[in-house]
Amino acid sequence: MSKPDVLAVAKLHPFYQKALESVFTVHDRTHVTDPAAFAALAPHIMGVAGTGEASVPRSLLSQLPHAKVVSVFGVGYDGVDVPAAIEHGIPVTHTPDVLTDDVADLAMGLVLSVGRTIPQADKFVRAGQWPNGPIALARKVSGARMGIVGMGRIGKAIAKRASGFGMSIAYTARTEKPDSGYRFFASAAALAAQVDFLVVITPGGAGTHHLINAEVLKALGARGFLINVARGSVVDEQALIEALQNGTIAGAGLDVFANEPQVPEAFWSMGNVVLTPHMASATTETRQAMADLAFANMQAGISGQPLRTPVPECVAMLSQ
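These numbers were taken from a predicted model, which means no experiment stands behind them.

## Remarks on the pairing of strand β2 (residues 25-28)
Part 1: The pairing of strand β1 (residues 5-8) with β2 spans four bridges and is parallel. Across the sheet, the residue bridging to Asp 5 is Thr 25, located in β2.
Part 2: Remark: the β1/helix α1 (residues 14-21)/β2 crossover connection has right-handed handedness.

Shown next as structure tokens:
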């Protein structure tokens, strides 16, 4: 018996790829590399495998009459046209929870890195500069004020870690969460004006595009630091570059960028910026857990079993 056909719409992590190939025939981006072959293949596709950055537009979904699930390896899914998927009766899944700790850990790592200038200090020692005199003073992190843009699972995990450093916590989100125990601000600008470290962990997509703009950065101020572990689209990158160059803010720790893997060269030489290559969830343990969950969602979707982690927008369609 032949294996069911699955379309990979992006380069998959090897853990996910291997799991899929054990049960399915995986067609790697055939819709892009060989449209003619895909036209014949499309009616046979039973599932779509993607990543958090993958594009699954309406035009693709309309070509897949027998697809039963879109399984995203990642918590974000802003590249998937979820309303179109729902219209076509194709539920979308993602991999929340399993990466919460790692993303929160890296967020705090970036806070410490930019505040205490850890990467710069490493470079200082390696360059043999220490004998010439001490490194410049850094900024104290313990007891500082943290503002979190987005108070979902990961936002709460970041807050928990920051509390361990004696930091005061405030946040902004689409709606106030009275049970959080933290102070709520109605806008990112209002929050930024009251904190030392502004940590961004809100979903991407049209609703949060350039949410962190020149106004927010000005409110953050010359002693404030921006940390982005969300999506590059959430921050107006040009406004951020100008704010860093002009001293509008003190520094930034960035794990995500607008046009990955391309990072603006302007960031490269800035001594007040720490850059990481979208690695917040990049540990062996978490990548394996993400692959296991994405694979379980794919298997469940194709076999007609309950999905493990559908995206919130798809919960209603699955309960009908």
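## Examining the layout of surface pockets
Part 1: Empty space within the second largest pocket amounts to approximately 270 Å³.
Part 2: Lining the second largest pocket are 15 residues, with Thr 117, Gln 120, Ala 136, Leu 137 and Gly 271 sitting closest to its centre.
Part 3: Secondary structure elements with two or more residues in the lining of the second largest pocket: α6 (100-115) and α7 (118-126).
Part 4: With three residues, α7 is the single largest residue contributor to the lining of the second largest pocket.
Part 5: Split into classes, the residues belonging to the lining of the second largest pocket amount to seven nonpolar, six polar and two charged.

## Points about the side chain of Asp 196
Part 1: On the secondary structure map, Asp 196 appears in the loop between α9 (188-192) and β9 (197-200).
Part 2: Discounting residues that sit within four places of it in the chain, Asp 196 has contacts with Arg 139, Ala 144, Arg 145, Leu 220, Arg 223, Gly 224 and Phe 225.

How each quantity is defined
Residues numbered from 1 in each chain as written. Predicted model: local features only at pLDDT ≥ 70, side-chain atom pairs only at ≥ 80, totals over all residues. Heavy atoms only, no water. Pairing = 2+ DSSP bridges. Helix = DSSP H or I, 4+ residues; strand = E, 2+ residues; numbered from the N terminus. Right-handed = clockwise from strand over helix to strand, strands pointing away. 1 Å grid on protein atoms, 1.4 Å probe; cavity = no way out; pocket = protein on both sides within 12 Å on 5 of 7 lines; lining within 4 Å. Points joined across faces, edges and corners; volume = space filled by probe spheres on them. Nonpolar A, V, L, I, M, F, W, Y, C, P; charged D, E, K, R; others polar. Contact = heavy atoms within 4.5 Å.

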